[in-house]
Structures are given as structure tokens and as C-alpha cells.
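Architecture and fold: a report
Given next are the chains, with one letter for each unit.
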Amino acid sequence: MEHGSRNLWYRTIYNSLPTAERLFRLGLQDLTSATCRLCNDDIDTPAHLLVLCRHRHSVWNLIWGQHYYRAAY
Ligand SMILES: [Zn+2]
């Protein structure tokens, strides 16, 4: 498994993805809310970051497709 994939997997399992919700809660960035900065539709949770955000969806599809093709060969 590539380092980036392993890092994403680890951060997902241990709830340490840099979501707006987490960064806002920890005060690590100058955020005024925990709402997703891309779509402004919902709180930026790990589920929103990985699955639900309509702006990130096409990017994730591209990334998952690249990893799937690499794993197939
Ligand atoms: Zn979003």
C-alpha cells in the first residue's frame, strides 16, 4: 500500500482527518465555523470529506479509480 493511501486509512480510522469540524474544535486554524468551505452545505465531518461532499466527489472518484487500476495489475 502506498504511503498516501496508508496515511488516509490511518487518519480515517483514528479520526484525525483535517476536517473543518476537527480544526474548528481544536482551534488549529482561523475558522469561523465547522461548515465545509467548499460547498457550505453541511458540517465538514470525515463522512462529508470522504463521501458526501458534492465538490469532492469527482476528485475522490478519480483517486479511487487510479488506486483500483494500480491494484488490478
Ligand atoms: Zn462539502
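The structure reproduced in this document is the subject of the present report.

So, how was this worked out
- Residues numbered from 1 in each chain as written.
- Predicted model: local features only at pLDDT ≥ 70, side-chain atom pairs only at ≥ 80, totals over all residues.
- Heavy atoms only, no water.
- Helix = DSSP H or I, 4+ residues; strand = E, 2+ residues; numbered from the N terminus.
- Buried < 20%, exposed > 50% of the residue type's maximum accessible area, 1.4 Å probe, protein only.
- Contact = heavy atoms within 4.5 Å.
- Lys, Arg positive; Asp, Glu negative; His and termini not counted.
- Charge placed at Lys NZ, Arg CZ, Asp CG, Glu CD.
- Polar contact = N/O pair within 3.5 Å; in protein donor to acceptor, adjacent residues only side chain to side chain.
- Donors = N, O, S within 2.8 Å, 3.2 Å for Na, K, Ca; no water.
- Tetrahedral: all angles 85-135°; square planar, octahedral: opposite > 155°, others 65-115°.

This part is about the overall build of the protein chain. A count of helices and strands for the protein chain gives 4 helices and 0 strands. Burial status across the protein chain gives 23% buried among its 73 residues. A fraction of 27% describes how many contacts in the protein chain between residues 6 or more apart in sequence connect residues 24 or more apart. If you average the places of the 8 positive and of the 6 negative side-chain charges in the protein chain, the two averages end up 7 Å apart.

You can see P46 is positioned in helix α3 (residues 46-52). Look at P46 and you get partly exposed, because its relative accessible area is 22%. C-alpha of P46 to C-alpha of Y14: the two residues are 32 residues apart in sequence and 11 Å apart in space. Residues within four places of P46 in sequence aside, it is in contact with N15, L17, T19 and E21.

Attention shifts here to the environment of T19. For T19, the location among the structural elements is in the loop between α1 (3-13) and α2 (20-26). Note on T19: relative accessible area 1%, which makes it buried. When the C-alpha positions of T19 and R54 are compared, they lie 15 Å apart, and in sequence the two are 35 residues distant. Apart from residues no more than four positions distant in its own chain, T19 is found in contact with D44, T45, P46 and L49. At a separation of 3.1 Å, a polar atom in the side chain of T19 contacts the main-chain amide nitrogen of R22.

Distances from the zinc ion to its protein donors, C36 (SG), C39 (SG), H48 (NE2) and C53 (SG), fall at 2.1 to 2.3 Å. Taken together, the 4 donor atoms coordinating the zinc ion span angles of 100 to 121° at the metal, a pattern that classifies the geometry as tetrahedral. Within one chain, the residues serving as donors to the zinc ion are arranged as C-x2-C-x8-H-x4-C. We classify H48 as buried; its relative accessible area is 3%. Accessibility expressed as a relative area gives 1% for C53, which makes it buried.

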